[in-house]
Structure formats: structure tokens, C-alpha cells
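These are the residues of each chain, in order.
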Amino acid sequence: MQTKARTDQTTADWRRRYAIRAGCEATVSETVHAHGLRNCRYRGMARTHVQHVLTAAGTNIVRLSEYLSPGIPPPHRPRPGSRFKALCRSLPA
């Protein structure tokens, strides 16, 4: 069982599918560690949903501020491109 799983991990198809998951895991990790999404401040589904939506919006604002700073070189190597960045590039100026 484990041998088959390890041999599957060497295929290009598996790596392509896992890259999608890795991107999602990185986003979840960022919201948990940088924005405190693990513990909700509120009770009830409606308020919890509002906190999650606002946290996601805040995460996107932080990402946009890093992406749209003209003339300032990034302090670190930029993250791989995401669909959101591709959408921002496709919008008219």
C-alpha cells in the first residue's frame, strides 16, 4: 500500500493535483497563523461566517498591498502566481 502511494507521488499527474492542494494549504496556514482564524471570537454560524469573510477580505488586502506597491522592490522572493493575481493583471488599468 505505502509502496504504491510513493510510486504514485513520482508521476506528473499526482504532482499537478497536489500543487492545487499545496496552494490551498498555504492559504489556510496564512489565515490561521497571521490572522488568527483558528479561534473564532463569536458564537453562532452567522457571526462566525462574517468573521471568516472579513478575515478572507483582510488576507486579500494584505496580498494586494504586497503586490501593488509600485517602485518598491519586494523584501523577499515573491510567492508563486495565483489565480487571484492573474485576475488582477487581466483587469484594465
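One can find the structure itself at the top, above this paragraph.
The structure reproduced in this document is the subject of the present report. (Residues numbered from 1 in each chain as written. Predicted model: local features only at pLDDT ≥ 70, side-chain atom pairs only at ≥ 80, totals over all residues. Heavy atoms only, no water.)

### Overview of the pattern of salt bridges
Okay, step 1: Evaluation of the coordinates by the stated rule reveals 5 salt bridges.
Okay, step 2: The residue Arg16 makes a salt bridge to Asp13 at a minimum N-O spacing of 2.6 Å. Of this pair, Arg16 and Asp13 both sit in helix α2 (residues 12-35), 3 residues apart, which is roughly one turn of the helix.
Okay, step 3: Using a relative accessible area of 40% as the deciding quantity, one classes Asp13 as partly exposed.
Okay, step 4: One salt bridge connects Arg21 with Glu25, and the closest N-O pair in it is separated by 3.5 Å. Here the residue Arg21 and the residue Glu25 both occupy positions in helix α2, the gap between them amounting to 4 residues, near one helical turn.
Okay, step 5: Among the residues examined, Glu25 registers a relative accessible area of 44% and is labelled partly exposed.
Okay, step 6: By sharing partners, the salt bridges in this structure join Asp13, Arg16 and Arg17 into a single network. (Salt bridge = Lys/Arg side-chain N within 4 Å of Asp/Glu carboxyl O. Helix = DSSP H or I, 4+ residues; strand = E, 2+ residues; numbered from the N terminus. Buried < 20%, exposed > 50% of the residue type's maximum accessible area, 1.4 Å probe, protein only.)

### Considerations on the layout of surface pockets
Okay, step 1: Roughly 540 Å³ of volume is contained in the largest pocket.
Okay, step 2: Gly23, Thr27, Arg63, Gly81 and Ser82 are the residues nearest the centre of the largest pocket, which is lined by 16 residues in total.
Okay, step 3: Within the residue set of the lining of the largest pocket, elements represented by two or more residues are α2 and α4 (83-90).
Okay, step 4: Grouping the amino acids of the lining of the largest pocket by side-chain chemistry returns 7 nonpolar, 4 polar and 5 charged. (1 Å grid on protein atoms, 1.4 Å probe; cavity = no way out; pocket = protein on both sides within 12 Å on 5 of 7 lines; lining within 4 Å. Points joined across faces, edges and corners; volume = space filled by probe spheres on them. Nonpolar A, V, L, I, M, F, W, Y, C, P; charged D, E, K, R; others polar.)

### Notes on the side chain of Gln51
Okay, step 1: Mapped onto the secondary structure, Gln51 falls in helix α3 (residues 45-67).
Okay, step 2: For Gln51, a relative accessible area of 10% gives the class buried.
Okay, step 3: Leave out the neighbours within four places in its chain, and Gln51 touches Gly36, Asn39, Cys40, Arg41 and Tyr42. (Contact = heavy atoms within 4.5 Å.)

These values are about where atoms sit, not about what they do.
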